[in-house]
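# Coordinate analysis (summary)
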Amino acid sequence: MFSNLDPPPETVSVNKAINTQEVAVKEKHARTCILGTHHEKGAQTFWSVVNRLPLSSNAMLCWKFCHVFHKLLRDGHPNVLKDSLRYKNELSDMSRMWGHLSEGYGQLCSIYLKLLRTKMDYHTKNPRFPGNLQMSDRQLDEAGESDVNNFFQLTVEMFDYLECELNLFQTVFNSLDMSRSVSVTTAGQCRLAPLIQVILDCSHLYDYTVKLLFKLHSCLPADTLQGHRDRFMEQFTKLKDLFHRSSNLQYFKRLIQIPQLPENPPNFLRASALSEHISPVVVIPTETSSPDSEPVLEKDDLMNMDATQQNLFDNKFDDIFGSSLSSDPFNFNNQNGVNKNEKDHLIERLYREISGLTGQLDNMKIESQRAVLQLKGRVSELEAELAEQQHLGRQATDDCEFLRTELDELKRQREDTEKAQRSLTEIERKAQANEQRYSKLKEKYSELVQNHADLLRKNAEVTKQVSMARQAQVDLEREKKDLEDSFARVSDQAQRKTQEQQEVLETLKHELATSRQELQVLHSSLETSAQSEAKWVTQIAELEKERGSLESAAAQREEELSTLREQLESAQIKLANAQESMCQHTKDQRKRLLAGSREAAEQEVQEALSQLDEPALISCAGSTDHLLSKVKSVSSCLEQLEKSRSQYLACPEDISGLLHSITLLGHLTSDTILQGSTTSLRAPPDPADSLNEACKQCGRTTLAYLSSLEEEGALEKADSTAIRECLSKIKAIGEELLPRGLDIKQEELGDLVDKEMAATSTAIEAATTRIEEMLSKSRAGDTGVKLEVNERILGSCTSLMQAIKVLVVTSKDLQKEIVESGRGTASPKEFYAKNSRWTEGLISASKAVGWGATVMVDAADLVVQGKGKFEELMVCSHEIAASTAQLVAASKVKANKGSANLSQLQQASRGVSQATAAVVASTISGKSQIEETDSMDFSSMTLTQIKRQEMDSQVRVLELENDLQKERLKLGELRKKHYELAGVAEGWEEGTEASASSLQEAASEKE
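This structure is a prediction, so every number in the text was calculated from the model and none was measured.

It is worth spelling out the pattern of salt bridges at this point. The final tally for this structure, using the stated rule, is 24 salt bridges. We note a salt bridge from Glu163 to Arg231, for which the minimum N-O separation is 2.8 Å. Note that Glu163 is positioned in helix α9 (residues 148-174) and Arg231 in helix α12 (residues 226-247), a separation of 68 residues in sequence. In this structure, Glu234 and Lys238 form a salt bridge, with 3.6 Å as the shortest nitrogen-oxygen distance. Residue Glu234 and its partner Lys238 are located together in helix α12, separated by four residues, close to a single helical turn. The partly exposed category is assigned to Glu234, whose relative accessible area is 48%.

Before going further, it helps to spend a moment on the packing of aromatic side chains. Tallying each qualifying case throughout the model produces 19 aromatic pairs. With a centroid separation of 5.9 Å and 55° between ring planes, the pair formed by Trp63 and Tyr105 is classed as tilted. Placement of Trp63 in helix α4 (residues 59-75) and of Tyr105 in the loop between α6 (88-98) and α7 (106-125) is noted, with a sequence separation of 42 residues between them. Pair check on accessibility: Trp63 and Tyr105 agree, each one buried. Three or more aromatic residues link up through ring pairs in this structure, and these residues are Phe46, Trp47, Phe65, Phe69 and Tyr87. The ring of Tyr105 has Arg191 sitting right over it, with the charged end atom 4.5 Å from the ring centre. A cation over an aromatic ring shows up here: Lys215 above the ring of Phe151, its NZ or CZ 5.5 Å from the ring centre.

Interhelical geometry of helix α11 (residues 195-217) versus α12 gives an angle of 150° and a closest axis separation of 12 Å. What the angle tells us is that α11 and α12 run roughly antiparallel. The two elements α11 and α12 cross, and the hand of that crossing is left-handed. Here α11 contributes Ile199, Cys202, Tyr206, Thr209, Val210, Leu213, Leu216 and His217 to the contact with α12, which in turn contributes His228, Arg229, Phe232, Phe236, Leu239 and Phe243. Looking at the contact of α11 with α12, its residues break down into ten nonpolar, three polar and one charged.

Okay, the confidence of the model for the protein chain next. Residues of the protein chain with pLDDT of at least 70 account for 81%, and the chain-wide mean is 76. When the elements of the protein chain are averaged for pLDDT, helix α29 (residues 996-1006) gives the smallest value, 41, and α7 the largest, 92. Note on residues 1-5: pLDDT is under 50 here. Beyond four places in sequence and across chains, it has three contacts. Note that pLDDT drops below 50 for residues 985-1007; the model gives that stretch 31 contacts with residues more than four away or on any other chain.

Take the nonpolar core next. Membership of the largest hydrophobic core comes to 91 residues, with the highest contact counts inside it found for Phe46, Phe65, Phe69, Phe129 and Phe252. The element that contributes the greatest number of residues to this core is α11, accounting for 14 residues. Setting aside residues up to four positions removed in sequence, Phe69 forms contacts with Phe46, Trp47, Val80, Ser84, Leu91, Leu116 and Met120. Counting residues in each nonpolar core, the second largest holds 40 residues, with Val864, Ile880, Ala895 and Val919 among its members.

Let us look at the packing of helix α18 (residues 656-679) against helix α19 (residues 685-707). Here α18 crosses α19 at 165°, and the two axes come no closer than 9 Å. Here α19 runs roughly antiparallel to α18, going by the angle between their axes. Between α18 and α19 the crossing geometry is left-handed. The segment α18 lies against α19, with Ile662, Leu665, Thr669, Thr672, Ile673, Gly676, Ser677 and Thr679 engaging Leu691, Asn692, Cys695, Cys698, Gly699, Thr702, Tyr705 and Leu706. When grouped by side-chain class, the residues that make up the contact of α18 with α19 number eight nonpolar, eight polar and no charged.

How each quantity is defined
Residues numbered from 1 in each chain as written. Predicted model: local features only at pLDDT ≥ 70, side-chain atom pairs only at ≥ 80, totals over all residues. Heavy atoms only, no water. Salt bridge = Lys/Arg side-chain N within 4 Å of Asp/Glu carboxyl O. Helix = DSSP H or I, 4+ residues; strand = E, 2+ residues; numbered from the N terminus. Buried < 20%, exposed > 50% of the residue type's maximum accessible area, 1.4 Å probe, protein only. Phe/Tyr/Trp six-rings, centres within 6.5 Å; stacked < 30°, edge-to-face > 60°. Lys NZ or Arg CZ within 6 Å of the ring centre and 35° of its normal. Axes fitted to C-alpha atoms, helices over the stretch in contact; angles between N-to-C directions. Parallel < 35°, antiparallel > 145°, perpendicular 65-115°, else oblique. Left-handed = near helix turned anticlockwise from the far one by under 90°. Contact = heavy atoms within 4.5 Å. Nonpolar A, V, L, I, M, F, W, Y, C, P; charged D, E, K, R; others polar. pLDDT = per-residue confidence, 0-100. Core = buried A, V, L, I, M, F, W, Y, C linked by side-chain atoms within 4.5 Å.

What follows is the structure, given as structure tokens:
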């Protein structure tokens, strides 16, 4: 036991095992940690020490922690997994953090942490599997609970587990310089040491995967398990290569014996291949004496050992030379002249020789033990190689037998094929004669069936009569027995009453005679019935013989009928082949017609494209209206072509509509291209170039669409979306070339205002609903600071949406008041048409508000998901405030200054501004709360390094200030251009109803 002041041995071992030195973890420290988990039945002490280590800042500490933790999961107490589950999320975060480093131990730590997380998840889902994965076949069957679905899922999880193991294996090998002997260096051994645990896991996972796949193939079809086989082949190749590379490293040769996988993977489609599978066994030799594994002897133990050796030597000396307490029997001091000091020197010299011999003997014992262990390892290797060679020999013998069987089968098939070819000609020759015989045999067969039915009916009647006769015989026998019984009873009674009733004796004798006469009559009738029964039996036997002959004749006719049916089937197959060839001919003819019409349409389109740059078109000029009508005709032709194509795919015989539509499409497309070219001559330069390019693009897409109609497979996938997009582009350019004012009719402005205001209200309602959904989803999935920030941001967005909703409703009320006060006797539509500029301003403002709400909800959704930027949400809030300010300014133009609705509108506008400020404030607060500030540690930097960092920071500040100035200039130009385009679109040049002061007020509010 350790004292209160000294730390527990497990704590010391954890600190010694997980250190910053780039050397492998010592086995004795890891073993002490494992024994500690068994002693305390858990891993609380281990995690209490690990939580104080800076694993997130030191890659070497993290790497050694992963190694020790892997050992504890494998060999520690089962409660280690339960105590470690609470730290699973921390391991995942640490893995993602180390994954950002691509050099050194960073990437290795990330992959190792993913492996440990996968191991914990696997053992949590499958508690039957121990940490070291050692299970018997019976335990493996019990883990699947005899359910094929459980085995299927268990195999998938094993594949994922093995893939993580192989990923770590491959990454460690890629990080080493294999051109040098890295396994003998401390740095190389530090990276290779955890692979021993990986090799142990991989051997068991490979064995269990093979057994489960054989079990699945015995229960499920092979096509269902094709993905499992592909994934197994990939992992088998990687594992075999890594085992081979590991076995060549000097570091592994003295620590572990790595098994070798077979040359070819198991054949899961052959169930007998399971008996050929040999489970890979990893052999770990018994640990030899080393500086790390030698027991540490205390000073008292050494002193006791010296005293013991001294006593033992004294006893042996006394036994040989006599006791030193005796009176000097040899008289060394007097006779030989040897004093006591020389005797002591002799004893010391003997002591030294004995100690030297003892050390040599110990060394010889150690060497002999080491040699024995090496020989045992060599013997196990030779035994494994012998087993592998025997397995390969059996496999080669089986393959040879299998190939011989296949060769005999091929020879037999070849002979059968030759016989079949010879008999085929004879069958064709007899086919015609058999057809004539078939009709005659069919008639005879019908007659035989009729006769057979009649005989069956007669047989049923005879059987019924026989059963009746047998029943009558049974009744006669029963009556005879009754009479005999009654006669016996009467005779008994007569004998008993002979003395008492002498007077009735004569009467009884008369009755007895009468009974005997009746009995004789019954006997005669019984003999008659027996004779008739014999006759019936003979008749029944004759009928049975006749029925057997008829059944044999019917069976013979059935055989002939089956032969004729086979001949009829061969004739039907020939007829089907002829029909198929006829259908193929018709299909080829349809293909030629389709190709001809397609080539004609392509030729027309290509001619139109080639005429675009010819001088003959320069003198022509077309109208925009005619171009739009052509575009409409092409669109309707495309719709008709799609219908015809669908009809052709449903019924290939109906090809006339498709041919007509293809020809018409080529003609109309060429006319549209030429008309677009002539229309561009009257257009300004920029729209003219755009129109020409759109016409060329339309021609090219039409040619591509027509070329896709060549094959039937492509005909089903043909898509005219590109042509429709080109037509839409041509139509849009044509509508721009129309005179201004023709886009929207004056009488439609009133309806458009109502529609836009309704659309804005709908957009705001949808945005509010989406924000509520996002808030509920965040409450269900997020916790802690993130949930608090999301609730604050989404709550402020909801308040902003409510304020905008109030503003839109107030704006509607004010517009109704303006229309009612200003229209006089005119209708609202006439008022809107009369004040078209003001109406267009309202429409533009409503569109801007609805668009801003939708964009802000999208930005908030991305921010909640962690994919967006807080700045986007702030900019969207400012844009919504500016759009509402534009709507207020447009509404104030024609409103009375003392209007109550105007006051409510201004109050609602201030509410929107306050809600916008709340959104911006909550966004800034959430951003500062979520963002983590990196700690700046300059303690390890020198003066020169600090000066260099200071210069780099100054350069970065100047660059950012320059970029900020450029972005501000760009923003100013964009706003200037936006106002110019908005003025042109809404008619601010002259006759506008909106004053300059209103525009300035909207701009200031937007700022």
